[in-house]
Amino acid sequence: NMDETQPAGLFFNGDVEDHYLNFSVLELTKTAESNNSISSSVADEGDTITYKIQVKNNLLAPVDNIVLFDPVPEGTSYVQNSAYAGNSQVAGAQPQSVTMQSTGQSVQAVVWPSFSLAAGASETYVFKVVVTNRPVNSDSIFNIAYVTFNNDTINSAAANCSLAEIGLNSIR
């Protein structure tokens, strides 16, 4: 017989058991696509790679002071004025020096101006690079975007483009 006075839930010896949920406040999804005539997942020198980063607020409340940045991958150069937030071009999103918290290394990254996302909202951010040369010891151009709020790196998303095959996955 079940004691109907007990609420439903996880009770063990009268104590509530703690359950930790792996939850991202801001969820990142990233894609890479080249303009290669053979396949959009490969790139040759001179091809353009378009990176699309979707940032989604998983909270039931707005998140403010969000900063998105994406280091320009080795073997590529940033296409001027190619940074967008949604359908709007972002003039200020030019590569600048960013110090990576994890390594202390300084990298050139596209940095979007700080923004807010309403509860449950998402926005897509875009930029383009041109493949200038094959990265050293690699058949692939690997790229990671990072999002922070309140100066804490909280999530990242990777996209790989092959160099002809550029994860995109490679270069010829």
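Note that the coordinates shown come from a computational prediction; the quantities given were computed from them, not determined experimentally. (Residues numbered from 1 in each chain as written. Predicted model: local features only at pLDDT ≥ 70, side-chain atom pairs only at ≥ 80, totals over all residues. Heavy atoms only, no water.)

A separate point is the pairing of strand β14 (residues 140–149). Most of β14 is tucked away: 8 of the 10 residues are buried. The pairing of strand β6 (residues 63–71) with β14 spans 4 bridges and is classified as antiparallel. Looking at β14, one finds that Phe69 is bridged to Tyr146. (Buried < 20%, exposed > 50% of the residue type's maximum accessible area, 1.4 Å probe, protein only. Helix = DSSP H or I, 4+ residues; strand = E, 2+ residues; numbered from the N terminus. Pairing = 2+ DSSP bridges.)

Turning to the pairing of strand β5 (residues 48–57), a few remarks are in order. Most of β5 sits inside the fold, with 7 of its 10 residues counted as buried. In the sheet, strand β3 (residues 26–34) pairs with β5 via 9 bridges, with the strands oriented antiparallel. Among the inter-strand pairings, Leu28 is bridged to a residue of β5, identified as Val55. Pairing geometry for β5 and strand β13 (residues 122–131), over 9 bridges, is antiparallel. When the sheet's bridge partners are listed, Ile49 is paired in β13 with Val129.

This brings us to the packing of aromatic side chains. If you walk through the whole model with that rule in mind, you get 6 aromatic pairs. With a centroid separation of 6.0 Å and an interplanar angle of 70°, the aromatic rings of Trp112 and Phe127 are classed as edge-to-face. Taken together, the residues Trp112 in the loop between β11 (106–111) and β12 (115–117) and Phe127 in strand β13 connect sequence positions 15 residues apart. Under the relative-accessibility criterion, Phe127 is labelled buried at 0%. The ring of Tyr51 has Lys30 sitting right over it, with the charged end atom 4.6 Å from the ring centre. (Phe/Tyr/Trp six-rings, centres within 6.5 Å; stacked < 30°, edge-to-face > 60°. Lys NZ or Arg CZ within 6 Å of the ring centre and 35° of its normal.)

Summarising the element assignment, Ser82 is placed in the loop between β7 (76–78) and β8 (84–85). Those residues in contact with Ser82, other than ones at most four positions away along the chain, are Val126, Phe127 and Lys128. (Contact = heavy atoms within 4.5 Å.)

Membership of the largest hydrophobic core comes to 28 residues, with the highest contact counts inside it found for Val55, Leu68, Trp112 and Phe127. Taken together, the elements giving at least two residues each to this core come down to β3, β5, β6, β12, β13 and β14. Non-local contacts of Leu68, meaning those with residues more than four positions away in its chain, are made with Leu28, Ile53, Val55, Val110, Val111, Trp112, Phe115, Tyr125, Ala145, Tyr146 and Val147. (Core = buried A, V, L, I, M, F, W, Y, C linked by side-chain atoms within 4.5 Å.)

We classify Ser82 as buried; its relative accessible area is 6%. With 11 residues separating them along the chain, Ser82 and Ala93 place their C-alpha atoms 8.7 Å apart. A distance of 2.7 Å separates a polar side-chain atom of Ser82 from the backbone oxygen of Val79. Here Lys128 takes part through its backbone nitrogen, which lies 3.0 Å from a polar atom of the side chain of Ser82. (Polar contact = N/O pair within 3.5 Å; in protein donor to acceptor, adjacent residues only side chain to side chain.)

Attention now moves to the pattern of salt bridges. In total, this model carries 1 salt bridge according to the counting rule given. Put simply, Asp70 and Lys30 hold a salt bridge, and the shortest N to O gap is 2.5 Å. Placement of the pair is Asp70 in strand β6 and Lys30 in strand β3, with a sequence separation of 40 residues. In this structure, Asp70 and Lys30 share a single accessibility class: buried. (Salt bridge = Lys/Arg side-chain N within 4 Å of Asp/Glu carboxyl O.)

A word on the confidence of the model for the chain. On average, residues of the chain carry a pLDDT of 76, and 73% of them reach 70 or more. Counting interchain partners and residues more than four positions distant, the pLDDT-below-50 stretch residues 1–22 has 6 contacts. In this model, residues 161–172 is a region of pLDDT below 50 whose contacts with residues beyond four sequence positions or in other chains number 86 contacts. (pLDDT = per-residue confidence, 0-100.)

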